[in-house]
Every structure is written in structure tokens, then in C-alpha cells.
Amino acid sequence: MRLSKRASHLKASPTLKLAARAKELLAQGHDVISLTVGEPDWPTYPAASLAGHEAIDKNITKYTPANGTLSLRKVIAKKVQEDLAIQYEPQDIVVGPGTKFIIFSALQVLCSPGDEVIIQTPYWVSYPTMIELADAVPVVLKTTAQDQFKLQAADFEKSITAKTKAFLFCSPCNPTGLHYTKEELMAFVEVLRRHPQIFVLSDDIYNRLLFTGEKVAPHLLHLAPDLKDRVISFNGGSKAYSMTGWRIGWATGPKDVIQAIGDYQSQSTGAPSSIAQHALEAAIEKCESDIEMTIKLLIARKNTALTSLQEIPNLVVTPPTGAFYLWVDVSYYLGKKFKDQAMEDDRQISQILLEKYFVGTVPGFESGMNGFLRLSFAVDEAKIQIACQRMKTFFKELN
Ligand code: PMP
Ligand code: GLU
């Protein structure tokens with residue numbers, strides 16, 4: 001065996017793979033509209049970019065502490081206090097090279113072989129593989145359209161075993177764009193109080209991108225500060241601050257876990273980029289009004305996308321309350337034929353849309369549910385409209 005047993009679980013991120021294929025077709029001269037990767041198309045906000053330049057100009061270009069600079073961790077502490085009314089000291093915060101890696105590290109330092117981590121379908125494409133790479137077992141719980149694809153606390157409780165180590169969830173959810181309300185979270189709080197051994201990994205990466213008028217999505221710790229010693233919350237620059245390429249994120253949580261994540265990073269990636277840290281500090285301090293503009297832009301794009309999709313018969317979409325994804329039920333078309341090829345699962349639908357109609361989407365299969373497409377609407381309205389027109393032509397061809 002040339003590769004390790006661990007590598008046998010390894011699967012490339014399907015979103016990144018599909019986005020790369022869309023770019024490849026574009027480079028070949030095809031007019032591709034990629035609604036694949038969840039990545040803002042607007043630039044990093046000026047104050048953050050300026051701070052990045054400043055870091056280079058002022059030679060802020062050296063290693064920092066592996067868990068991030070003290071000054072950034074202080075700024076994050078202030079931000080978390082403002083947004084979630086939870087108090088963290090800088091030593092309860094770890095900064096890392098992207099939120100993805102910090103979630104990965106958290107699973108590494110929490111899980112022992114055979115531990116179970118509960119997630120729901122549809123899930124963010126990376127969760128199961130990240131859990132497996134920590135030698136743990138993903139326990140995947142199904143949700144239904146009727147429940148807006150949100151896990152029910154009673155189902156969660158039923159799935160708890162002696163091996164349950166953690167519950168990992170994301171609100172607003174990638175891929176549905178739907179967030180858990182306070183009442184829904186409260187039901188989880190009650191279950192969690194009955195099971196004090198379970199950690200919660202709260203992926204808050206979209207919690208500032210809400211269409212409901214609330215500044216920030218409801219958070220478990222806001223509702224139940226008594227869970228503070230076992231909730232780890234993750235956030236970062238990528239979404240709200242449009243800083244995907246800077247690779248910068250953070251986590252807050254109990255000291256021992258945060259310390260272990262910092263130590264894990266110190267032995268793996270080393271310190272996060274000094275330049276990205278300097279830029280993120282400025283983003284958090286200076287870009288509130290930019291986020292407000294972004295939310296307005298996203299609401300307009302969401303409405304355009306929903307209107308355009310209505311023109312395609314037999315698709316069902318629950319309007320998202322946050323993030324920038326539409327979770328589109330295309331199951332009506334499963335089993336139908338494109339030319340002579342039967343659409344057995346949504347991967348074929350997604351593949352033909354990309355290869356023949358030049359519209360990139362993510363098949364629901366990658367989030368653990370067959371019969372769906374995830375469309376990112378973090379692209380401009382004209383492109384969304386053209387993409388929906390192309391999808392309409394494609395679905396008409398199926399019979
Ligand atoms: N969680 C979710 C649900 C995401 O969609 C993303 C986006 N890649 C991340 C975490 C990680 O973001 P990043 O590593 O870019 O900070
Ligand atoms: N979170 C983004 C997405 O779901 C980025 C892709 C990734 O990191 O896999 O599309």
C-alpha cells in the first residue's frame with residue numbers, strides 16, 4: 001500500500017473540483033457561468049485591502065504566534081462580544097489559515113478513533129471527509145423539505161450514543177441558506193443540557209449574511225451561556241468580508257480546546273499569514289457598512305434568482321434566509337432522459353448543465369441528498385438570469 005489507510009478516506013472537495021472544471025472550460029473559450037463555489041464575486045472591502053498593502057509596506061511580514069496576533073484576537077473578542085454577547089479573552093480565541101482548517105483542526109484535537117460526530121443532510125460537502133480524517137465516524141441524520149432541511153432536536157437526541165463526541169452544524173446552512181431560529185436552537189439546548197459530554201461545533205461562517213433584518217443569526221451560546229465550556233464557534237474573513245483568497249478565520253471556545261487547536265496549528269501550518277491577519281483586523285473594525293451593502297446586494301440577487309427559477313417548471317426552492325445559496329429540488333427530473341441518457345442522479349444533471357449548457361452547479365449528492373442542485377447567487381444578476389435561461393432550455397429537453 002503506497003498511501004496510508006487515512007488517505008483512503010481522502011476525497012477532493014467537490015465544490016473546489018467543480019469550480020476548477022468551470023474555470024478550465026472558461027479558459028478553453030466557453031462562456032461559462034459558474035454558480036458552483038461559494039465565493040463572493042465582489043472585491044475584498046477597501047479598508048481590508050489597504051491594511052493588507054500596509055502590512056507589506058511596513059514589513060509586517062514575519063511569523064506571528066501560531067494562534068494569531070494578540071491584537072487581532074483582542075479585536076475578535078470585542079466583535080464576538082458585540083455580535084453574540086459572549087465574553088471571550090484573547091486566550092480563548094485561535095486564528096488560523098481559513099475557517100476550514102480550524103474546523104479540521106478542532107476535529108483532530110477532539111476526536112479519538114471510533115468517536116461519532118453528528119451532522120445533518122444536506123451537509124457542507126467537506127464535513128464527512130473532515131470527520132473521517134480525524135478517525136471519527138460521521139453520523140448523518142436526514143432532514144426533510146417539510147422541516148426546511150433543518151434537523152429536529154428529537155431526531156438528534158435519538159441518535160446520541162455513548163460514542164457521540166460532537167454535533168457539527170452550520171447556520172445559516174450551506175447548502176440551503178436557511179438558518180435555525182431561536183426556538184429551534186432552544187430545542188437543541190434542552191437536549192444538550194441532558195447530554196453534558198457532547199461538544200458542539202457551531203460553524204458560523206454565514207452568520208452575518210442574513211436577509212431577515214437581524215444583524216447576526218441566533219446562536220446557541222446567546223441562548224444558553226451555560227454551554228460555553230463545550231461550544232466551539234467558527235467564523236472567518238471569507239464570506240462576510242469577501243476574503244476567500246486571504247485564507248483567514250478564527251474560532252472561540254473553551255481554553256483547553258482552543259489551546260490544543262493552536263498547538264496543532266503550530267505543528268502543521270505554523271502561524272497564519274501576518275498580512276491576512278492585519279487585513280482581517282481592519283475588516284472587522286472598519287467594514288460594518290460594507291457588510292450592510294453586501295446584504296442589500298445579496299437580497300436583490302436572491303430575488304432575481306428566485307424569479308428566474310420560477311420560469312422553470314417543476315423545480316422547488318425554499319427561499320433562503322441567509323448565506324448565498326439556493327437549494328433547488330430537481331427530483332421531478334430524475335429518471336427522465338437527456339437525448340438517450342437517463343438522469344439517474346443529480347450528478348448527471350449537474351454534469352450536463354456544465355459540459356453542454358455551461359452552467360456550473362453543485363449536485364445535491366455531494367451534500368448527501370440526491371435530487372437537488374446548489375446554486376450560488378454570489379454572482380451578478382445578469383449572469384444569474386442567463387444561467388436560469390440556460391437551465392430552462394436544458395430541463396425542457398428532458399423527457
Ligand atoms: N464552513 C462552511 C459551511 C463554508 O461554506 C466554508 C466556505 N469554504 C467554510 C466553512 C470555510 O471557509 P474558509 O476556509 O474559506 O474560511
Ligand atoms: N465553502 C465554499 C463552498 O461550499 C468553498 C468551497 C470549499 O472550500 O470547498 O462552495
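Here the structure is a predicted model, which is why all the values come from computation and not from measurement. (Residues numbered from 1 in each chain as written. Chains lettered and ligands numbered in written order. Predicted model: local features only at pLDDT ≥ 70, side-chain atom pairs only at ≥ 80, totals over all residues. Heavy atoms only, no water.)

Caption draft 1: Fine view of the layout of surface pockets. As a volume, the largest pocket reaches approximately 500 Å³. L16, G38, K100, W124 and K239 are, among the 27 residues lining the largest pocket, the residues nearest its centre. Elements represented by at least two residues in the lining of the largest pocket include exactly α1 (14-27) and α4 (99-110). When residues in the lining of the largest pocket are grouped by element, the largest group, five residues, is from α1. Considered class by class, the residues forming the lining of the largest pocket number eleven nonpolar, nine polar and seven charged. (1 Å grid on protein atoms, 1.4 Å probe; cavity = no way out; pocket = protein on both sides within 12 Å on 5 of 7 lines; lining within 4 Å. Points joined across faces, edges and corners; volume = space filled by probe spheres on them. Helix = DSSP H or I, 4+ residues; strand = E, 2+ residues; numbered from the N terminus. Nonpolar A, V, L, I, M, F, W, Y, C, P; charged D, E, K, R; others polar.)

Caption draft 2: Main features of the nonpolar core. Counting residues in hydrophobic clusters, the biggest one holds 118 residues, and the most contacted among them are Y241, F394 and F395. Considering every element that reaches this core, the biggest residue donor is α4, with seven residues. In this structure, Y241 is in contact with T44, Y45, K79, G236, L280, A283, I284, C287, E288 and I291, ignoring residues within four places of it in sequence. Judged by nonpolar contacts, the second largest core, of seven residues, contains L18, A22, V32 and F358. (Core = buried A, V, L, I, M, F, W, Y, C linked by side-chain atoms within 4.5 Å. Buried < 20%, exposed > 50% of the residue type's maximum accessible area, 1.4 Å probe, protein only. Contact = heavy atoms within 4.5 Å.)

Caption draft 3: Seen up close, the state of the cysteines. Applying the stated criterion across every chain yields a total of zero disulfides. Just so you know, C111 is unpaired, no disulfide at all, and the nearest cysteine sulfur is the one on C170, 18 Å from it. Considering cysteine sulfurs only, C170 is the nearest to C173, which forms no disulfide, with 5.6 Å between them. (Disulfide = S-S within 2.5 Å.)

Caption draft 4: Broad picture of helix α10 (residues 274-286). Taking 1.5 Å of rise per residue, 13 residues should cover 18 Å, and α10 covers 18 Å from first to last C-alpha, within 8% of that figure. Regarding α10, the residues found buried are S274, A276, Q277, A279, L280, E281, A282, A283 and I284. Contact partners of the buried residues in α10: α2 (46-57), α3 (70-84), β2 (93-96) and β8 (249-252). Its side-chain oxygen placed 3.1 Å from the backbone nitrogen of I275, S273 serves as the N-cap of α10. (Expected span 1.5 Å × (residues − 1). Polar contact = N/O pair within 3.5 Å; in protein donor to acceptor, adjacent residues only side chain to side chain.)

Caption draft 5: Broad picture of the side chain of T176. Among the secondary structure elements, T176 is positioned in the loop between β5 (164-170) and α7 (182-194). A polar contact is formed between the side chain of T176 and the backbone nitrogen of L178, at a distance of 3.2 Å. When residues no more than four places from it in sequence are discounted, the contact partners of T176 are P122, F149, P320, Y325 and W327.

Caption draft 6: Spotlight on the packing of α4 against helix α9 (residues 255-267). Following both chains from N to C, one finds α4 and α9 inclined at 110°, their axes separated by 9 Å at the closest point. Here α9 runs roughly perpendicular to α4, going by the angle between their axes. Packed against α4, whose contacting residues are F101, I102, F104, S105, A106, Q108, V109 and L110, the element α9 presents V257, A260, I261, Y264 and Q265 at the interface. In the contact of α4 with α9, the residues fall into ten nonpolar, three polar and no charged. (Axes fitted to C-alpha atoms, helices over the stretch in contact; angles between N-to-C directions. Parallel < 35°, antiparallel > 145°, perpendicular 65-115°, else oblique.)

Caption draft 7: Highlighting the sheet that holds strand β7 (residues 231-236). Taken together, seven strands build an open sheet; the order of strands is β2-β8-β7-β6-β5-β3-β4 and the sheet is mixed. A single partner strand is all that each edge strand has here, and the edge strands are β2 and β4 (137-141). Put simply, the sheet's adjacent strands are angled 20° from each other on average, direction ignored. (Pairing = 2+ DSSP bridges.)

Caption draft 8: Up close: the site of ligand 2. What surrounds ligand 2 is the set S13, T15, L16, V37, G38, K100, W124, N174, Y206, K239, Y325 and R374. In the environment of ligand 2, an oxygen atom lies 2.6 Å from a nitrogen or oxygen atom belonging to the backbone of G38. In isolation ligand 2 exposes 290 Å². Once the protein is present, 89% of that is buried. The pocket occupied by ligand 2, as judged from atoms lying within 2 Å of grid points, is the largest pocket. Residue composition of the shell around ligand 2, by class: five nonpolar, four polar and three charged. (Near = heavy atom within 4 Å. Areas by Shrake-Rupley, 256 points an atom, 1.4 Å probe, with all protein chains shown as cover. Sits in = over half its atoms within 2 Å of the grid points.)

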